[in-house]
Amino acid sequence: LRALAEDLLVLARVEADVSAGAARAEAREVLAEAARAHLARADVRVVTEADGAVARGRTRDLARMVRNLVDNAVRHSPAGGAVVVRAAREGADVVITVSDDGAGVPAAERERIFEPFFRGPDERAVREGGTGLGLAIAREIGAAHGGSIAATPRPGGGTSIRFLLPLAPQRS
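Given the structure is predicted, the values throughout are model-derived calculations rather than measurements.

1. As for the overall build of the chain
Scanning the chain for helices and strands turns up five helices and seven strands. Each helix (α) and strand (β) of the chain, taken in turn from the N terminus, gives the series α-β-α-β-β-α-β-β-α-α-β-β. Burial analysis of the chain (172 residues in total) assigns 42% to the buried set. Counted over contacts in the chain with a minimum sequence separation of 6, partners at least 24 positions apart contribute 73%.

2. Quick word on unusual backbone geometry
Its identity as a non-glycine residue notwithstanding, Phe117 has a phi of 70°, on the positive side. With respect to the secondary-structure elements, Phe117 resides in the loop between strand E5 (93–100) and helix H4 (123–127).

3. Section: the pattern of salt bridges
A pair can form between side chains of opposite charge whenever their charged atoms are brought close. A complete count under the given rule lists six salt bridges for this structure. Of the charged contacts in the structure, one is a salt bridge between Arg86 and Glu49, with a shortest N-O distance of 2.7 Å. Highlighted residues: Arg86 in strand E4 (residues 82–90) and Glu49 in strand E2 (residues 45–50), separated in sequence by 37 residues. Take Arg86: its relative accessible area is 42%, and that puts it in the partly exposed class. We note a salt bridge from Arg139 to Glu140, for which the minimum N-O separation is 3.6 Å. When its relative accessible area of 27% is taken as the criterion, Arg139 is described as partly exposed. Connected via shared salt-bridge partners are Arg58, Arg60 and Asp61.

4. Brief notes about the packing of helix H3 (residues 59–75) against helix H5 (residues 134–144)
With their axes 9 Å apart at the nearest point, H3 and H5 run at an angle of 150° to one another. Relative to H5, H3 is oriented roughly antiparallel. The crossing of H3 and H5 is left-handed. The segment H3 lies against H5, with Asp61, Leu62, Arg64, Met65, Asn68, Leu69 and Asn72 engaging Gly134, Leu135, Ile137, Ala138, Ile141 and Gly142. Class assignment for the residues of the contact of H3 with H5 results in seven nonpolar, four polar and two charged.

What counts and how
- Residues numbered from 1 in each chain as written.
- Predicted model: local features only at pLDDT ≥ 70, side-chain atom pairs only at ≥ 80, totals over all residues.
- Heavy atoms only, no water.
- Helix = DSSP H or I, 4+ residues; strand = E, 2+ residues; numbered from the N terminus.
- Buried < 20%, exposed > 50% of the residue type's maximum accessible area, 1.4 Å probe, protein only.
- Contact = heavy atoms within 4.5 Å.
- Salt bridge = Lys/Arg side-chain N within 4 Å of Asp/Glu carboxyl O.
- Axes fitted to C-alpha atoms, helices over the stretch in contact; angles between N-to-C directions.
- Parallel < 35°, antiparallel > 145°, perpendicular 65-115°, else oblique.
- Left-handed = near helix turned anticlockwise from the far one by under 90°.
- Nonpolar A, V, L, I, M, F, W, Y, C, P; charged D, E, K, R; others polar.

And the structure:
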């Protein structure tokens, strides 16, 4: 219940907080902070790669977004699997991608996984817990920062979650 209450409070705060546009978040720092807080299963490797891109937004919030995506990817990865987290500049955006080598998300559920309380039929995910809010919170954090999210299948199995965030303006 505590985890559920905390997730609901985060979701409410993100929806109410629109001041993210003034801050700058270095991609390397976002991934490092998310990795420090990550509670990955010992049998799933998490690999991070980031260039020097700087997104418009707060590091703390974007790290929470990435942590939620990584936690979900780890939960759906097989023992011995890997989750790869990349952040890089692409044109006018910073693209953050979290990829796993799990079973993948069926096409009919790729939009629904970002809805609050949606939990797919994956037996292990249900058994290992979670509130069904992690991906919804990630989407809301990204949206509050002017970003967009999409889930796509990976060739050979698994899922990639791709977040596009606006680059921070250059400092004068």
